[in-house]
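# Residue-level structure breakdown
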Amino acid sequence: MPGERLAVRGISELGRFPGAAPPTRVELTIHKEGEKKQEEGGCRRWFRKMCPCCCKRQNSTSYDVTDKVEFVKPPVPSPEPIKPKHENGETKEMEEIKLSVVSVELLSSKTGQNRQEHHTDLYHGDEMIIRRGQTFQMEMEFNRPFNADNDKMHLDLKTGPLPMVSKGTHVIIPLVNNLEDERWEAKIVEQNGNKIKLSVNSPASAVIGLYGLTVTTSNLRGEGATTHNSSKNIVMLFNPWCEEDTVFLDDEEERKEYILNDTGRIYYGTEKQIGARTWNYGQFHEGILEACLFVLEKSDMPPSGRGDPVNVVRVISAMINAQDDFGVLVGNWSGNYADGVSPAAWSSSVEILRKYHSSYGTPVSYGQCWVFSGITTTVLRCLGIPARSVTNFQSAHDTDVSLTTDVYFDENLEPIDYLNSDSVWNFHVWNDCWMARPDLPPGNGGWQAVDSTPQETSQGTFRCGPASVNAIRSGQVYLKHDTPFVFAEVNSDKIYWQRNLDGTFSQFHSEKKAVGHCISTKAVGSDERADITHLYKHQEDSEEERIAVETASRYGSKPDVYSTPMAEDVSVEVRMDGEGPRMGADAQLSIVVKNLSSQPRRTTLHSQVSVMYYTGVLKGTIKKEEMPVELLPNEEKTIEWMLPYQQYQNQLVDQAALMLTLSGRVSETKQVLANQTTFRLRTPDLNITPLGEAVVGKEMAAKITFTNPLPRMLKGVVFRVEGLGLQKGHEVVVGDVGSHSTVTLTEHFIPTQPGPRKLVASLDCKQLTQVHGVADIVVLEK
């Protein structure tokens, strides 16, 4: 197949160990079929990196990407020959025979001691996958018994294209009598004839990634050195089970959830109508570890920086989106996904990461925030960093670092569209990851917010975080990384500004509870939703919450925004019954207006409802009206509001979200009323019913049922079905589904893995999105 790819090969280390055989490690080697490799000058490499669109490699694809990480076994050198016998037929003294390694066994079986003790037994395959800060075992056979009085041996581990001892990417592991913590050392724990068993220790700060192993032997004087390259590579991961590792998590149930659980729940919708979908993270699935290591290689991050989880998370945040570095996933909010997959159709990270890896780094189309978050969870958990997907409802997007969400009106209280760049998304999904933050003042470790959805640049790159959740909660937005942006998402006030006759603006209203509601993640050990709003912000209206907001604002671009207090005695809010309006029916809401004063009040409420993308971008207004309201002293009035189905049926976008905006002025006091309420139209679920007994190796089935809720035909319906350990992800083309018609699909499959499994399915069509379902299936051993 034409193109460019990377392989794991040997590279000679001439001058470091004369006569040494090449060690095993990752090297980026670029070659194309049918043509010779051309050397590229340093200036051109720099220019191509700065402006890839202007300076592509010749005959390359549209993305100038290079490499693919593979586990490749280099040739095993032949053992050193035994020295000849004397004329009388007897061999020389054993110590005169040059010691050499015949073979190295890394004990990398999934069921073996290393993989079990290092909690890596769930990863696919039998590679040597270990965690830093913890001992591991290996065996080796020599051409004769090892004699500690005469023989000398050490191990070399190398990672990256230019391994250096000073950078921690070339590790020399000496043989010692007793192992000590926090250092690279090896100790012989068993010896039987020509075979020995080693226990090897690594520090909790070791660089993670793919290592090649070389064993060097000599006599005590350093003479007659021989080297042996292991036929297997070693993968080193972060270790949340190790107290010295900065990603240490001391709760076993949380480790099971945030590292070992390969499925989860991602929340969407609005705060009053929270939807949930099952997501297959699949961090242990075949090819995913290789794909995650490939993402690190593709980032051009120096291997020496991979020992710090802050650095790794920051790089992953940038690499999951393709915005400026040909990362994993292309964002698309246009509603047109004809040349890719609709973001709502994905339900797994596996297909996306494997596709990115197998295409040598061609970004996958398409994603929106929950897809970016799902992939980020997969990559971080795969590398050993505790992570979870987090959804914030009414999530602000602050574009001017004011730490407020600003809405501008002209003299007649008409919105000034070109100034209203700030927005509030119905929901936004990012990630929490767990780590200590020694780079920040004490108390800022623990959960860190990281966001891979490309919204704003950070230090010139589309990425966000890690930002300490504790710092966000207290308003300490001066602490890195990107804390002001996340603070504004969850706790900014919505400030309404009116243009004066002289062109200046005055603040006429503020909403202190407009953003940051029902911050949600999957609960530990169950599929329930856990509300973690209290981690991100103090309780609304509390003194602590106001102090945090005002503390943060002093570091924003409008530090004096809170200098003008305003009195209010009329309030307006929007309520909905039950789970709210359903797709295909009239949408009904209640507008409640309260007079909190002892005097009568009169106002006219102006209402308009718009279809809106979940990012807060309005598609267009579909209904406007005016409602005169007269209130007696201390009176509360309820106004019933309705949007007929016929008015929105042809206007909806992906997330079927609408925004109702209310505004008005109280005649007696000139108080301005303002309220914005977002709601969505609920969609039906796919009902999945398992059929037959679930046993490894035995065929079973599942029935998937869907009823079209709309009084119109759905065109080109496609089901996507996948279950880790049950069946591979695939598409089922259903075609057109008539108004209120029911579709039943029966899936036949053979489970391959025992234990609790999830079969997930989603429906994709232009007229209806966010339709999905899940079935829990417990698979028995054969």
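Our structure is the block above this text.
What this report covers is the structure whose coordinates are included nearby. Note that the structure is a prediction, hence the values are computed from the model and not measured.

### Some points on the overall build of the chain
Regarding its fold elements, the chain presents 12 helices and 41 strands. Across the 782 residues in the chain, those meeting the buried criterion constitute 57%. A fraction of 67% describes how many contacts in the chain between residues 6 or more apart in sequence connect residues 24 or more apart. Here the chain has roughly 33300 Å² of accessible surface; of this, 49% comes from carbon and sulfur atoms.

### Points about the pattern of salt bridges
Counting across every chain of the model gives 29 salt bridges. Its salt-bridge partner being Arg306, residue Glu297 comes within 3.5 Å of it at the nearest N-O pair. Under the relative-accessibility criterion, Glu297 is labelled buried at 11%. Judged by relative accessible area, Arg306 falls into the buried class, the value being 3%. Of the charged contacts, one joins Asp541 and Lys513 as a salt bridge, the two residues approaching to 2.6 Å between their closest N and O atoms. Residue Asp541 is found in the loop between helix H10 (533-536) and helix H11 (543-553), and its partner Lys513 is found in the loop between strand S25 (505-511) and strand S26 (517-522); the two are separated by 28 residues along the sequence. For Lys513, a relative accessible area of 43% puts it in the partly exposed group.

### Some remarks on the side chain of Thr404
Locating Thr404 in the fold gives a position in strand S18 (residues 404-409). For Thr404, a relative accessible area of 0% corresponds to the buried category. Only 3.0 Å separates the side chain of Thr404 from the side chain of Asp406, close enough to count as a polar contact.

### Brief notes about helix H4 (residues 288-298)
Burial within H4 is extensive, with 11 of its 11 residues counted as buried. Of the positions making up H4, those classed as buried are Ile288, Leu289, Glu290, Ala291, Cys292, Leu293, Phe294, Val295, Leu296, Glu297 and Lys298. With its phi angle positive at about 65°, Asp300 sits one or two positions after the end of H4.

### Looking at the packing of aromatic side chains
One pass over the full model with this rule turns up 18 aromatic pairs. Aromatic pair Tyr268 and Phe427: ring centres 6.4 Å apart, planes at 65°, arrangement edge-to-face. Pair noted here: Tyr268 is in strand S13 (residues 263-270) and Phe427 is in strand S19 (residues 423-435), with a separation of 159 residues, a long-range link. Taking the relative accessible area as the measure of exposure, Tyr268 reaches 7% and is therefore buried. Centroid distance Tyr337 to Tyr366: 6.2 Å. Interplanar angle 50°. Geometry classified as tilted. Pair noted here: Tyr337 is in the loop between strand S15 (329-331) and helix H6 (350-358) and Tyr366 is in strand S16 (residues 364-367), with a separation of 29 residues, a long-range link.

What counts and how
Residues numbered from 1 in each chain as written. Predicted model: local features only at pLDDT ≥ 70, side-chain atom pairs only at ≥ 80, totals over all residues. Heavy atoms only, no water. Helix = DSSP H or I, 4+ residues; strand = E, 2+ residues; numbered from the N terminus. Buried < 20%, exposed > 50% of the residue type's maximum accessible area, 1.4 Å probe, protein only. Contact = heavy atoms within 4.5 Å. Areas by Shrake-Rupley, 256 points an atom, 1.4 Å probe, with all protein chains shown as cover. Salt bridge = Lys/Arg side-chain N within 4 Å of Asp/Glu carboxyl O. Polar contact = N/O pair within 3.5 Å; in protein donor to acceptor, adjacent residues only side chain to side chain. Phe/Tyr/Trp six-rings, centres within 6.5 Å; stacked < 30°, edge-to-face > 60°.

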